[in-house]
Amino acid sequence: MNQHETPLFTGLQKHRDQNPVPFHIPGHKSGKGMDEEFRSFIGENALSIDLINIEPLDDLHHPQGMIKQAQDLAAEAFGADYTFFSVQGTSGAIMTMIMSVCHPGDKIIVPRNIHKSVTTAIIFSGAKPVFIHPELDDRFGISHGITSEAVKKACEAHPDAKGLLVINPTYFGISCDLKEIVRISHRFDIPVLVDEAHGVHIHFHKRLPLSAMQAGADMAATSVHKLGGSLTQSSVLNLREGLVSHERVQSILSMLHTTSTSYILLASLDAARRHLAIHGRELMENTLSLADEARHRLNQISGIYCPGIEMLTSTATIDFDPTKLIISVKKLGLSGYDVEVWLRDNYKIEVELSDLYNILCLITPGDSQEQIDLLVKALEELSEERGDTEELENIPVKVPEIPVLSLSPREAFYSTTETVFLKEAVGRISAEFVMVYPPGIPIFIPGEIITQENIHYIEENVEAGLPVQGPEDDTLETIQVIREQRAFQ
């Protein structure tokens, strides 16, 4: 295969150059039928390849031509047996992974800090989650990955599980011992599904953590748009065939995908794959150099701490991605939320994430020395402005007990519900997700029995000022529960 080729992107351009007369959707007909200001802003080139799956352009639901060729090139680039393009983002790819291995009633082992697309897929499939707690880091108030020891215990207790989902690397760039986790899981013939939303680039440089395919995982949902240079909402699903069949994956993916797939998104995946395959190592070398410099300079600023290799203390944290700058700001006497707003208001800097103690900044091939200089300058100014401020009190990060799952999330989701006061909800079955951030681990998911201990956990965290996410009532005075069936009197 020739990684310099872009069969899909090139094919779209060739089709455009033939000046076809379209009597098909999209109705804007290369922009002629849309708002003039928007057309001018987007540009003729983009609009000319905003096309539909007519025969010359292949069909993502049954690829046999240029889309198949582009996916085959991507599979080679990512070290997979098969690669599927997703225009439903990584969320669609994650749902495909779970629905490809789970039927109603099947068990799936998952970390407690899963993305909402995982719980959505569990609801759709009717699977029953078996939870593993991720490791917590009290220094920064964040959750890391899962340990290989915890995976071993879960597989021994549930050898009939149909899948094991791993988040690797985490949002903060921390990698677990994925190779060992795969080895353990495969001993039980349990396929390993990896949420690799934040790791498309790690496959292309030896200094970065092992990618899912390098570690031998069965499937990986990978966000090319996040860090790989494609357009927002475009991702790939990589498959190593054996425990999972590619025909099953294609069938499920087709069920979840729109039939009006965006060829602009697909073309951006094709071009991004070429860029990574040919220039990936060089791109990552430059990016790592910028990130190393940024980390070093940030750690010279009073009240600022940007950790590195010292975070690696267990099998949940065996490697990390240096391009993720976790910047602890609690010694400034400010929360991460406060710093995010200050950077926006004073320097027009937008961060990736903020929480109680940290901001997270991503360094990518799109960054330059000027941007690093600006970030450092801004935080130097903030540090000087704060002076000798009392450090923000560190709130211990605790893990709530995992409640008993009384109903499957699917059963709970489709049940009739009612609203009750949280303080009176002990023993009732939650119909909602409730989580506190940090560490972003659900306290309740639909189908779990509400306990007094976990109500107290919620109250403690709310009093400490941590934000509650998930419930309809954001004051958390009330909660949605499954309506109880009562006999007529």
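Up top is the structure.
Residues numbered from 1 in each chain as written. Predicted model: local features only at pLDDT ≥ 70, side-chain atom pairs only at ≥ 80, totals over all residues. Heavy atoms only, no water.

## So, the pairing of strand S14 (residues 358–362)
Quick note on the threshold: Exposure classes here rest on a 1.4 Å probe applied to the protein chains alone. A residue is buried below 20% of its type maximum, exposed above 50%, and partly exposed in between. Numbering of helices and strands runs from the N terminus; a helix is a DSSP stretch of H or I covering at least four residues, while a strand is a stretch of E covering at least two. Only when DSSP finds a minimum of two bridges between them are two strands counted as paired.
Among the five residues in S14, four count as buried, and that is most of the element. Sheet topology places strand S12 (residues 324–328) next to S14; five bridges connect them, and they run antiparallel. What sits directly across from Lys-324, in S14, is Leu-362. Both strand S13 (residues 353–354) and S14 contribute to a ladder of two bridges, which runs antiparallel. Residue Ser-354 lies in a different strand from S14, and its bridge partner there is Ile-359. Connecting S13 to the next strand, S14, in antiparallel fashion are three residues.

## Observations regarding the pairing of strand S15 (residues 417–421)
Every second residue of S15 is oriented toward a common face, the buried set being Glu-418 and Val-420 and the non-buried set Thr-417, Thr-419 and Phe-421. Direction of pairing for S15 relative to strand S19 (residues 478–482): antiparallel, over a ladder of five bridges. Bridging across to S19, Phe-421 finds its partner in Thr-478.

## Notes on the sheet that holds S13
Cut-off, in case you're wondering: The contact definition used throughout considers only heavy atoms, calling two residues in contact when any of these lie within 4.5 Å. The angle between two axes is taken between their N-to-C directions and runs from 0 to 180 degrees, where each axis is a line fitted to C-alpha atoms and a helix contributes only its stretch in contact.
Taken in spatial order, the three strands make up an open sheet running S12-S14-S13, and their pairing is antiparallel. Strand pairing shows two members of the sheet lacking a second neighbour, S12 and S13, which therefore form its edges. Across the sheet, helix H12 (residues 336–347) is in contact with S13 and S14; its angle to S14 comes to roughly 50°.

## Remarks on the pattern of salt bridges
The condition is simple: Between Lys or Arg on one side and Asp or Glu on the other, a salt bridge is scored when a side-chain nitrogen of the former is within 4 Å of a carboxyl oxygen of the latter.
With the rule as written, the count across this model stands at 16 salt bridges. The salt bridge involving Glu-285 is made with Arg-281; its shortest N-O contact spans 3.7 Å. You can see Glu-285 and its partner Arg-281 sitting in helix H11 (residues 263–298), four residues apart, about one turn around the helix. Taking the relative accessible area as the measure of exposure, Glu-285 reaches 36% and is therefore partly exposed. For Arg-281, a relative accessible area of 54% gives the class exposed. Across the pair Arg-297 and Asp-373 runs a salt bridge, and its minimum N-O distance is 2.7 Å. Note that Arg-297 is positioned in helix H11 and Asp-373 in helix H13 (residues 369–386), a separation of 76 residues in sequence. Relative accessible area serves as the criterion here: at 26%, Arg-297 is assigned to the partly exposed category. One network of salt bridges, with partners in common, ties together Glu-293, Arg-297 and Asp-373.

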